[in-house]
Amino acid sequence: MSCYITCLLGAGLLGGTLSTMLFKRTDKSKELERSLEKNQIPVYRNIVKERRLHYLQGTLLGVILASVYLMGTGGLFKSLTKGFNACAFTLIALGTTYLYYSLMPKSDYLLHHLKGEQVTHWLNHYVEMKRNYLLGFLVSGLAYVLIAYAIL
């Protein structure tokens, strides 16, 4: 049973990550960027750069931890299947990425630099990004369940 949960969560994290990456340049994010004044654009770019760095650092850490896990599967976890190990690798790598990104302290927040209608544009963008991640997570998880049910 833990294999199914591991694969479900791994598929969900992968779907959430892909949907956020693929659907990030929407009208809502463009509205936010268009609403920024000249002096706010460098601040915005620095914040995006820092967040990207946190994401890449988390991904690298996640891949390293998942690789250490896989190296251990030759001995301690030898009875586990390749499928389970693939799911566990995905779950460890993307779970670490998500946690690292979420827990890393941020040096600045765009909200501190916005005024008036810009706050609404930022909120719309933020809500859309969260929705994209959640929908990608749910759709991928549901797809995994359907495929696993069909195969088994």
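Source: prediction; values computed, not measured.

### So, the overall build of the chain
No. 1: A count of helices and strands for the chain gives 5 helices and 0 strands.
No. 2: Going from the N terminus to the C terminus, the chain shows its helices and strands as α-α-α-α-α.
No. 3: Expressed as a percentage of the 152 residues in the chain, the buried residues total 32%.
No. 4: A separation threshold of at least 6 residues defines the contact pool for the chain, and within that pool the share at least 24 residues apart is 85%.
No. 5: Surface summary for the chain: the accessible area is close to 10,000 Å², and the carbon and sulfur share equals 70%.

### Some remarks on the environment of Glu128
No. 1: Secondary-structure assignment places Glu128 in helix H5 (residues 117–151).
No. 2: Along the chain, Glu128 and Phe23 lie 105 residues apart, while their C-alpha atoms are 9.3 Å from each other.

### Structural notes on the state of the cysteines
No. 1: Going through the model one piece at a time under the given rule, you end up with 1 disulfide.
No. 2: Disulfide partner of Cys7: Cys87, at an S-S distance of 1.9 Å. Disulfide Cys7-Cys87: torsion about the S-S bond near 95°, hence right-handed. With Cys7 in helix H1 (residues 2–22) and Cys87 in helix H4 (residues 82–103), the pair connects residues that are 80 residues apart, well separated along the chain.

### Describing H4
No. 1: Taking 1.5 Å of rise per residue, 22 residues should cover 32 Å, and H4 covers 31 Å from first to last C-alpha, within 8% of that figure.
No. 2: Every buried residue of H4 is accounted for by Phe84, Asn85, Cys87, Ala88, Ala93, Leu94, Gly95, Thr96 and Thr97.

### Quick word on the packing of helix H3 (residues 41–72) against H4
No. 1: With their axes 7 Å apart at the nearest point, H3 and H4 run at an angle of 150° to one another. Our classification of the angle between H3 and H4 gives roughly antiparallel. You can see that H3 and H4 cross each other, and the crossing is right-handed.
No. 2: Considered class by class, the residues forming the contact of H3 with H4 number 14 nonpolar, 9 polar and 1 charged.

### Describing the nonpolar core
Within soluble globular proteins, side chains that are nonpolar generally end up buried alongside one another.
No. 1: Membership of the largest hydrophobic core is limited to 6 residues, which are Leu32, Leu36, Tyr44, Ile47, Leu110 and Leu114.
No. 2: In this structure Leu114 touches Leu36, Gln40, Val119 and Trp122, once residues within four positions along its chain are discounted.
No. 3: Core analysis: the second largest hydrophobic core is formed by 5 residues, Cys7, Ala11, Tyr144 and Ala148 among them.

### With respect to the side chain of Ser19
No. 1: Counting through the fold element by element, Ser19 comes out in helix H1.
No. 2: In this structure, Ser19 is in contact with Asn132, Tyr133 and Gly136, ignoring residues within four places of it in sequence.

Cut-off values and rules
- Residues numbered from 1 in each chain as written.
- Predicted model: local features only at pLDDT ≥ 70, side-chain atom pairs only at ≥ 80, totals over all residues.
- Heavy atoms only, no water.
- Helix = DSSP H or I, 4+ residues; strand = E, 2+ residues; numbered from the N terminus.
- Buried < 20%, exposed > 50% of the residue type's maximum accessible area, 1.4 Å probe, protein only.
- Contact = heavy atoms within 4.5 Å.
- Areas by Shrake-Rupley, 256 points an atom, 1.4 Å probe, with all protein chains shown as cover.
- Disulfide = S-S within 2.5 Å.
- Expected span 1.5 Å × (residues − 1).
- Axes fitted to C-alpha atoms, helices over the stretch in contact; angles between N-to-C directions.
- Parallel < 35°, antiparallel > 145°, perpendicular 65-115°, else oblique.
- Left-handed = near helix turned anticlockwise from the far one by under 90°.
- Nonpolar A, V, L, I, M, F, W, Y, C, P; charged D, E, K, R; others polar.
- Core = buried A, V, L, I, M, F, W, Y, C linked by side-chain atoms within 4.5 Å.

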